[in-house]
Amino acid sequence: MTGVIAVVTARAAQRAKDLGVEQALEALRRELELAPRLGVLLGPRRQDGIEVRKTRIEPTHEMPGLAVAYVYTPAPPPPTVAITSVTPDDGIPE
């Protein structure tokens, strides 16, 4: 999918800065522009097409694993993704 605009909210950007994971979040933002439906859908599907989703950034020796929540909005065009939450992931599978 192309033409998707992905942004990071001010709150999520600040949290990423606090955690020192800005580069990882930026890489995910770029990835979401290409594949806006990564991760799992949270809650029921909505008739308007809006999806609240969660994905994970794997841990490295430099940072913990991260759980990232975002909202995908397909309409009106262009489709958009807003990253709304970044939290350290406890690693427990869903």
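Let me begin by describing the structure that accompanies this report. (Residues numbered from 1 in each chain as written. Predicted model: local features only at pLDDT ≥ 70, side-chain atom pairs only at ≥ 80, totals over all residues. Heavy atoms only, no water.)

Some thoughts on the overall build of the protein chain
We apply this condition: Helix and strand labels come from DSSP, where a helix needs a run of H or I of at least four residues and a strand needs a run of E of at least two; each type is numbered from the N terminus. Using C-alpha atoms as the atom set, the radius of gyration is obtained and then compared with a globule rule of 2.2 Å times the number of residues to the power 0.38. Exposure categories follow from relative accessible area, calculated using a 1.4 Å probe and restricted to protein chains: below 20% of the type maximum is buried, above 50% is exposed, and the middle band is partly exposed. We call two residues in contact whenever any of their non-hydrogen atoms come within 4.5 Å of each other. To be clear on the numbers: accessible area is Shrake-Rupley with a 1.4 Å probe, and residue cover counts the displayed protein chains and nothing else. Note on charges: Lys and Arg go in the positive column, Asp and Glu in the negative column, and His and the chain ends are not counted at all. For charged residues, the charge sits on one atom: NZ in Lys, CZ in Arg, CG in Asp, CD in Glu.
From N to C terminus, the protein chain includes two helices and five strands. Start at the N end of the protein chain and walk to the C end: the helices and strands fall as β-α-α-β-β-β-β. In terms of C-alpha radius of gyration, the protein chain reaches 13 Å, essentially the compact-globule figure of 12 Å for 94 residues. Along the first, second and third principal axes, the C-alpha set of the protein chain runs to 40 × 25 × 20 Å. Residues counted as buried form 30% of the 94 residues belonging to the protein chain. In the protein chain, once contacts between residues fewer than 6 apart in sequence are set aside, the share between residues at least 24 apart is 44%. Entry remark: accessible area of the protein chain is about 5800 Å², with carbon and sulfur atoms responsible for 57%. Treating the 11 positive side-chain charges of the protein chain as one cloud and the 12 negative ones as another, the clouds have centres 5 Å apart.

A short note on the sheet that holds strand 5 (residues 80-88)
Applied cut-off: Any two strands are treated as partners once DSSP identifies two or more bridges connecting them. Geometry is summarised by axes, namely lines fitted to C-alpha atoms with helices restricted to the contacting stretch, and by angles between N-to-C directions that run from 0 to 180 degrees.
Strand order in the open sheet formed by five strands is 1-5-4-3-2, and the pairing between neighbours is mixed. Bordering the open sheet on either side are strand 1 (5-8) and strand 2 (40-42), each of which pairs with just one other strand. Between one strand axis and the next, the sheet turns through 30 degrees on average, direction left out of account. Looking at chain direction, strand 4 (residues 66-73) and strand 5 are connected through eight bridges and run antiparallel. When the sheet's bridge partners are listed, Leu-66 is paired in strand 5 with Pro-88. Across the face of the sheet, helix 1 (residues 10-19) comes into contact with strand 1, strand 4 and strand 5 while running at roughly 35 degrees to strand 5.

Overview of the environment of Gly-65
With respect to the helices, strands and loops of the structure, Gly-65 is situated in the loop between strand 3 (51-57) and strand 4. For the pair formed by Gly-65 and Val-40, sequence separation is 25 residues and the distance between their alpha carbons is 16 Å.

None of this, on its own, says anything about what the molecule does.
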